[in-house]
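Overview (structure and organization)
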Amino acid sequence: MDTVARHILWFLPMLWLGMVLAISFVEAPLKFRAPGITLPLGLGIGRVVFRALNIAESVLATLLVLAASIVSSAAANWVWLATAVALLAVQVLVVRPPLSRRTDRVLSGEDLPRSTAHYWYIGLEVAKAVVLVGLAIAMAPVS
């Protein structure tokens, strides 16, 4: 079980990073360039996609915490992991609610200026990507 947990500790941060990069830095900006995609349609798609991403991230974070507990990971590894989990929590619990309220208003027909909360979310995504690279490196199996 310990060997499996060690490999999970290296693999899951990279999987999590790949999901963040693919969704946040590829899919999200590109969907608004697709022909026929209006702002309300793009926001509706984004809401569904980011909800699914955040659920998947929460599952990965939980699995990482469990694996790190099994392996009795070093304190530095826990710092990387706790930082990644904290960044995700801030996104989901602090930044997403105002974005969701704004999306509701836009979907109901209001014409609103761009939200600064989007910039906070993007900044947290960049920070989380950096932390996930650090976590993967810290957790990498040593031969």
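These notes cover the structure that comes with them. (Residues numbered from 1 in each chain as written. Predicted model: local features only at pLDDT ≥ 70, side-chain atom pairs only at ≥ 80, totals over all residues. Heavy atoms only, no water.)

**Comments concerning the pattern of salt bridges**
Per the stated rule, a full pass over the model turns up five salt bridges. Residue Glu27 pairs with Lys31 through a salt bridge whose shortest N-O separation is 3.4 Å. Placement of the pair is Glu27 and Lys31 together in helix 1 (residues 2-31), with a separation of four residues, close to one helical turn. Between Lys128 and Glu57 there is a salt bridge whose closest N-O contact spans 2.5 Å. (Salt bridge = Lys/Arg side-chain N within 4 Å of Asp/Glu carboxyl O. Helix = DSSP H or I, 4+ residues; strand = E, 2+ residues; numbered from the N terminus.)

**Considerations on the layout of surface pockets**
One number sums up the size of the largest pocket: a volume of about 620 Å³. Forming the walls of the largest pocket are 22 residues, and the residues nearest its centre are Ala28, Phe32, Leu43, Phe50 and His118. When residues of the lining of the largest pocket are traced back to their parent elements, those giving at least two are helix 1, helix 2 (39-71), helix 3 (75-107) and helix 4 (117-139). (1 Å grid on protein atoms, 1.4 Å probe; cavity = no way out; pocket = protein on both sides within 12 Å on 5 of 7 lines; lining within 4 Å. Points joined across faces, edges and corners; volume = space filled by probe spheres on them.)

**Observations regarding helix 3**
Spacing of three or four residues puts side chains on the same side of an α-helix, whose turn is 3.6 residues. With 33 residues, helix 3 extends 45 Å between its outermost C-alpha atoms, agreeing within 8% with the 48 Å of an ideal straight helix rising 1.5 Å per residue. The axis of helix 3 is deflected most strongly, by about 50°, at Arg96, and proline Pro97 appears within four residues downstream. All buried positions along helix 3 are accounted for by Asn77, Leu81, Ala84, Leu87, Leu88, Gln91, Val95, Arg96, Leu99, Arg102, Thr103 and Val106. Positive phi appears at Gly109, one or two residues downstream of helix 3, with a value of about 110°. (Expected span 1.5 Å × (residues − 1). Bend = angle between axes of the 7 residues up to and from the residue. Buried < 20%, exposed > 50% of the residue type's maximum accessible area, 1.4 Å probe, protein only.)

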